[in-house]
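# Summary of structural features
Take a look at the letters that make up each chain.
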Amino acid sequence: MAGIAQVAQRLGHSVIGCDSNVYPPMSTVLDQAGIEVLQGYRPEHLDDEIDLVVIGNVLSRGNPLVESVLDRDLPYTSGPQWLHDHVLRHRKVIAVAGTHGKTTAASMAAWILSAAEMDPGFLIGGQPGNFTRSAEIGSSDWFVIEADEYDSAFFDKRSKFVHYRPTVAVLNNLEFDHGDIFDNLKQIKRQFHHLLRIVPASGTVIANGDDRNVRDVLGMGCWSRLEFTSLGKRNRHWHAVALTADHSAFDVYHRSRKAGTVSWECIGAHNAGNALAAIAAAHRAGVPVEQACRHLGRYVPARRRLELVACSGGIHLYEDFAHHPTAIRATIEAVRTRHPGSRIVPVLDPGSNTMARGMHRDTLGRSIRLADGIIFYLPRELDWKPEEIGAEIPLFSCRSREDVLQAVKLNLTDNTVIICMGNRSFDGIPAWLGERLEELARKTVSPP
């Protein structure tokens, strides 16, 4: 919704918004854009001069603002529908879909096109590192958008991405998530199938050939040009071969021939997969592969995507958006390859709807097996207890940030990596810990 607000402002509209809890980086982005955000969902926020209310999918019947819109018969729409009607219907859309990596792969694709001087429009769900805003109109035909499978609004239960009508659709991966609106994986696959149904025959579907669930969706029908990506497994479309253990360098092969090399600051096999999808998408927009690889050498990760918050002595503090067991595992694996001799301690806020309900409880223990300890930040009650995940590493449960600090102290050596992971605000804990890292490092000594 923050991105939509920025796009509407760029089109010349006067935009205000309201929310119950706006936090960085989006609160900062909106403030810098001069977009006013009112606190709470109070009916008086709706003055008589409003032409249109764009309602996000977090709001439902019973919300006082929603009820006021309906009672007063004000014109309203969903964010995805507004985007289609006012922006996307006139553009060639690159829609990046998947359970994981949407923000990263979309920001990579937008950066490649921008660095190639194509001036794309884009809308990213996070704050991309190479841009000062999370959304821009752009002047070219191309528009890159993070394509979410979550529903559009309380009055439109279709997935957001069916409104985007992509020319290029990226299917990066597919797993069960969003347990608050989907009962099972089959329902999510059906939504991805609906996405493929609206890609024209002249368009392109770029699919992760290593993902079985993505292949299942393709088996339900694909009527467009199809290109597969893979890490390590050679195929006739796209594959990557790692040159370093942490994937900070890898070769890109197109049609079985080496077409370029990426050497960058990112780490992790999952990021190499995101990059390969972005390169393939940019290639369909006309960017040569070698050029795309070169541009990724200057790619800056989006905020909260394995972002190094602070470093002091041998102690590193990262923040990451991971909130699904697969993403949590990939993040830990990436950090392990970058810091092979370090003690790795994640601080996890299991606050997503699916995680809080316990739907990932049985797989979470396996996802943290490469860590040396796990700290749970639990400001809210869960439907399960962290001890139930069967972790074979030390486990700490914390109700406040002061508790988190004490747990971190108990886990520190002079060579420790702390990773704050979660998709909520984290109550400012990563930055708060970062401010104290130098002091913690001075008090930390090597174990005997």
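Keep in mind that what you see is a predicted model, and the values were worked out from it rather than measured. (Residues numbered from 1 in each chain as written. Predicted model: local features only at pLDDT ≥ 70, side-chain atom pairs only at ≥ 80, totals over all residues. Heavy atoms only, no water.)

Attention now goes to the side chain of T77. Tracing the backbone through its elements, the reader meets T77 in strand β4 (residues 76-78). The class of T77 is buried, set by a relative accessible area of 13%. Those residues in contact with T77 that sit more than four places away from it in its chain are L52, V53, V54, I55, W82 and F155. (Helix = DSSP H or I, 4+ residues; strand = E, 2+ residues; numbered from the N terminus. Buried < 20%, exposed > 50% of the residue type's maximum accessible area, 1.4 Å probe, protein only. Contact = heavy atoms within 4.5 Å.)

Before going further, it helps to spend a moment on the packing of helix α6 (residues 185-197) against helix α7 (residues 212-219). Between α6 and α7, the least distance of the axes is 9 Å, while the angle of their chain directions is 55°. With respect to each other, α6 and α7 are oriented oblique. Crossing angle aside, the handedness with which α6 passes α7 is right-handed. Each of L185, K189, F192, H193 and L196 in α6 lies in contact with α7, whose residues at this interface are N213, D216, V217 and L218. Of the residues belonging to the contact of α6 with α7, the class tally is five nonpolar, two polar and two charged. (Axes fitted to C-alpha atoms, helices over the stretch in contact; angles between N-to-C directions. Parallel < 35°, antiparallel > 145°, perpendicular 65-115°, else oblique. Left-handed = near helix turned anticlockwise from the far one by under 90°. Nonpolar A, V, L, I, M, F, W, Y, C, P; charged D, E, K, R; others polar.)

A few words on the pattern of salt bridges. Tallied over the full model, the rule gives 20 salt bridges. Across the pair E136 and R133 runs a salt bridge whose closest N-O atoms are separated by 3.6 Å. Overall, R133 belongs to the buried group, its relative accessible area being 9%. We note a salt bridge from E435 to R436, for which the minimum N-O separation is 3.5 Å. (Salt bridge = Lys/Arg side-chain N within 4 Å of Asp/Glu carboxyl O.)

Here helix α1 (residues 2-10) lies mainly inside the structure; seven of its nine residues are buried. Considered for burial, the residues of α1 that qualify are A2, G3, I4, A5, Q6, V7 and A8. Phi for G12, located one or two positions after α1, is positive at around 100°.

This part takes up the pairing of strand β14 (residues 238-242). Relative to β14, strand β13 (residues 225-231) is paired through three bridges, and the arrangement is parallel. Looking at the pairing, S230 lines up with H239 of β14. Bridge count between β14 and strand β15 (residues 249-254): five bridges; the pairing is antiparallel. When the bridges of β15 are listed, A240 appears paired with V252. As consecutive antiparallel partners, β14 and β15 are separated by six residues, and within that stretch H247 has a phi angle of approximately 60°, a positive value. (Pairing = 2+ DSSP bridges.)

Closest axis-to-axis distance for the helix α5 (residues 102-115)/helix α8 (residues 269-284) pair is 8 Å, and the angle between their directions is 45°. With respect to α8, the axis of α5 lies oblique. α8 is crossed by α5, and the crossing has right-handed handedness. In contact with T104, A105, M108, A109, I112 and L113 of α5, α8 contributes N271, N274, A275, A278, I279 and A282. Of the residues contributing to the contact of α5 with α8, the split by class is nine nonpolar, three polar and no charged.

All right, on to the sheet that holds strand β8 (residues 142-146) then. Spatially, 10 strands are ordered β7-β6-β8-β5-β11-β12-β13-β14-β15-β16 in an open sheet, and the strand pairing comes out mixed. Lying at the two open borders of the sheet, with one neighbouring strand each, are β7 (135-136) and β16 (257-263). Where strand β11 (residues 168-171) and strand β12 (residues 204-208) come together, four bridges link them in parallel fashion. Bridge assignment links V170 to a residue of β12, and that residue is I206. Sheet strands touched by α7: β11, β12 and β13. Its angle to β12, the strand with the most contacts, is close to 145°. Contacts between α8 and the sheet are confined to β5 (92-97), β8, β11, β12, β13, β14, β15 and β16, with β13 contributing the most and set at about 155° to the helix.

So, on to unusual backbone geometry. For H247, which is not glycine, the phi torsion reads 60° and is therefore positive. Its place among the elements puts H247 in the loop between β14 and β15. Of note in this structure, S256 is not a glycine but carries a positive phi near 70°. When its relative accessible area of 47% is taken as the criterion, S256 is described as partly exposed.

Direction of pairing for β15 relative to β16: antiparallel, over a ladder of six bridges. Bridge assignment links A249 to a residue of β16, and that residue is S263. Remark: two residues form the turn of the hairpin made by β15 and β16, two consecutive strands paired antiparallel; R255 in that turn has positive phi of roughly 55°.

All right, on to the sheet that holds strand β17 (residues 307-312) then. Pairing in this open sheet of six strands is mixed, and the strands run β17-β18-β22-β19-β20-β21 from one edge to the other. The open sheet has two free edges, formed respectively by β17 and β21 (395-398), since each of these has just one partner strand. On average, each strand axis in the sheet is inclined to that of its neighbour by 15°, with strand direction left out of account. The pairing of strand β19 (residues 343-348) with strand β20 (residues 374-377) spans two bridges and is parallel. For V347, the partnering residue across the bridge sits in β20 and is I375. Helix-sheet contacts for helix α10 (residues 325-338) involve β18 (315-320), β19 and β22 (416-421), and the interaxial angle to β22 is about 155°. Packing against the sheet, helix α13 (residues 401-411) makes contact with β19, β20, β21 and β22, and its axis sits at approximately 160° to β21.

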